[in-house]
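# Commentary on secondary and tertiary structure
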Amino acid sequence: DLDGIVPATVEDLMTIDGIGRYTASAIASIAFNKCVPVVDGNVCRVLSRLQGVANTIKAPVFKDRHGWNLAEQIVSAGAGGGEDDAGGNG
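Residues numbered from 1 in each chain as written. Predicted model: local features only at pLDDT ≥ 70, side-chain atom pairs only at ≥ 80, totals over all residues. Heavy atoms only, no water.

A word on the overall build of the chain. When helices and strands are counted, the chain shows 4 helices and 0 strands. Going residue by residue from the N terminus, the α and β elements of the chain occur as α-α-α-α. Buried residues in the chain amount to 23% of all 90 residues. Considering only contacts within the chain whose residues lie at least 6 apart along the sequence, 43% involve residues at least 24 apart. When the accessible surface of the chain is totalled, it reaches about 5900 Å², and 53% of it is carbon and sulfur. (Helix = DSSP H or I, 4+ residues; strand = E, 2+ residues; numbered from the N terminus. Buried < 20%, exposed > 50% of the residue type's maximum accessible area, 1.4 Å probe, protein only. Contact = heavy atoms within 4.5 Å. Areas by Shrake-Rupley, 256 points an atom, 1.4 Å probe, with all protein chains shown as cover.)

Here it is as structure tokens:
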């Protein structure tokens, strides 16, 4: 029971039934101004082209693991030690 308080971290949000990684990341980024990647099909498509692996975009390993890892690296590199929104407007 959360006592009416919405968790602010991806990890805590994912403990709620029905909330997966994408939704938890979107909530943390938008509602709590957390600097976390939010990876959907369009993000995977761009990342796959940047990595030169566009032919593997539909592979579950890319979407479920590789795409998230790449996005985390990009977000971490641009975070500068602070928290900002996914659009970099912090």
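Between its first and last C-alpha atoms helix H2 (residues 21-32) spans 15 Å; for 12 residues at 1.5 Å apiece the expected length is 16 Å, and the two agree. Where H2 is concerned, the buried positions are Ala24, Ser25, Ala26, Ala28 and Ser29. After H2 finishes, the residue Asn33 shows a positive phi value of roughly 55°. (Expected span 1.5 Å × (residues − 1).)

Mapped onto the fold, Ser25 is located in helix H2. In this structure Ser25 comes out as buried when scored by relative accessible area, which is 3%. With near-sequence residues (within four places) excluded, Ser25 lies in contact with Val10, Val36, Pro37, Val38 and Trp68. Polar contacts involving the side chain of Ser25 include one to the main-chain carbonyl oxygen of Pro37, which spans 3.3 Å. (Polar contact = N/O pair within 3.5 Å; in protein donor to acceptor, adjacent residues only side chain to side chain.)

Summed over all chains, the structure comprises 1 salt bridge. Of the charged contacts in the structure, one is a salt bridge between Glu72 and Arg21, with a shortest N-O distance of 2.4 Å. Here Glu72, found in helix H4 (residues 60-79), pairs with Arg21, found in helix H2; they are 51 residues apart in sequence, far enough to count as distant. Look at Glu72 and you get partly exposed, because its relative accessible area is 31%. (Salt bridge = Lys/Arg side-chain N within 4 Å of Asp/Glu carboxyl O.)

Looking at helix H3 (residues 41-51), one finds that the buried residues are Cys44, Leu47 and Ser48. The buried residues of H3 all sit within an arc of 105° when viewed along its axis, so they share a single face. The exposed residues of H3 that point more than 90 degrees off its buried face are Arg49 and Leu50. Two or three places before Asn42, at the start of H3, stands the capping residue Asp40, its side-chain oxygen 3.1 Å from that residue's backbone nitrogen. Taken from the residues just after H3, Gly52 is the one with a positive phi, measuring 70°. (Arc of directions from axis to C-beta.)

Another aspect to go through is the environment of Asp1. When you line up the elements, Asp1 lands in the segment before helix H1 (10-13). In this structure the C-alpha to C-alpha distance between Asp1 and Ile16, which are 15 residues apart in sequence, comes to 9.5 Å.

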